[in-house]
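The chain contents come next:
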Amino acid sequence: MKALVAVKRVVDANVKVRVKPDNSGVDLTNVKMSINPFCEIAVEEAVRLKEKGTVSEIVVVSIGPKEAQEQIRSAMALGADRGILVEADDSQLGALEVAKILKGVVDAEQPQLILLGKQAIDDDSNQVGQMLGALLNAGQGTFASEVKVEGDKVQVTREIDGGLQTVELSLPAIITTDLRLNEPRYAALPNIMKARKKPLETKTPADFGVTAATKLKTVKVESPAERKAGVQVKSVDELVEKLKNEAKVI
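Residues numbered from 1 in each chain as written. Predicted model: local features only at pLDDT ≥ 70, side-chain atom pairs only at ≥ 80, totals over all residues. Heavy atoms only, no water.

(A) Quick peek at helix α1 (residues 37-51). Taking 1.5 Å as the rise per residue, α1 with 15 residues should run 21 Å; its terminal C-alpha atoms sit 21 Å apart, in good agreement. Those residues of α1 that sit buried are Phe 38, Cys 39, Ile 41, Ala 42, Val 43, Glu 44, Glu 45, Ala 46, Val 47 and Leu 49. (Helix = DSSP H or I, 4+ residues; strand = E, 2+ residues; numbered from the N terminus. Expected span 1.5 Å × (residues − 1). Buried < 20%, exposed > 50% of the residue type's maximum accessible area, 1.4 Å probe, protein only.)

(B) Seen up close, the confidence of the model for the protein chain. When the pLDDT values of the protein chain are averaged, the result is 92; 100% of them are 70 or greater. When pLDDT is averaged over each element of the protein chain, α1 comes out on top at 97 and strand β4 (residues 26-27) at the bottom at 86. (pLDDT = per-residue confidence, 0-100.)

(C) Expanded view of the sheet that holds strand β7 (residues 82-87). Within the open sheet, the nine strands sit side by side as β11-β10-β9-β12-β8-β1-β6-β7-β13. Their pairing is mixed. Strand pairing shows two members of the sheet lacking a second neighbour, β11 (163-170) and β13 (200-203), which therefore form its edges. Ignoring which end each strand starts from, the neighbouring axes of this sheet average 30° apart. Relative to strand β12 (residues 173-177), strand β8 (residues 113-117) runs parallel, the two sharing five bridges. Paired with Gly 117 across the two strands is Thr 177, which belongs to β12. Strands β6 (57-64), β7 and β13 of the sheet are contacted by helix α2 (residues 69-78), whose axis makes an angle of about 165° with β7. Seen against the sheet, helix α3 (residues 95-109) touches β1 (2-7), β6, β7 and β8 and runs at an angle of roughly 150° to β6. (Pairing = 2+ DSSP bridges. Axes fitted to C-alpha atoms, helices over the stretch in contact; angles between N-to-C directions. Contact = heavy atoms within 4.5 Å.)

Here it is in structure tokens:
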């Protein structure tokens, strides 16, 4: 069984982002970039399935600038076998364009399992997996917290409001990963060195018949409003008075 894992290059989760002075976007100057944390969970799950003997090959794909090779190499250091970079301008990529490109990669690679992070921490759109499912007319298990592959079926336990739901999908299927699915491992130094020699193929959106030209436009990017300092109250009556007259929530 072949598994295809999509990873996105994003600002490292530990970095505090800065908004550009003209509010046109986030300042990426000298900022550390990493694999989107949800995508890293998808890579880890594919590697675990390979270790169980369920998956025989893991192909990792990323869509973005040339520098995204770094994130593909990181995924290969974790256990992926080969990589595909679809080189494109990030500013011209919306969720639909990414889904269309991934459909082209799926058509070319014919994987039985397609794994993606449920969302990216930069745009938080949570759309690509669902759009890809619609384009491929394939079953999808979103927000996965547990994955079990048995023969030509896969059971996905997914997190929903108020509990857990288990769905069974026929392969090929799309799975988007949630935080509680697993905890990604750290890449060992020998594996990092080996990843440099693993095959990495470069493509363009045009190779898959896709024009990278999103119809979405970022109008303005702003930092969240700073929170006001809290105050201490001496009694319940004072608390109620402030909630009623200052916060106006009761």
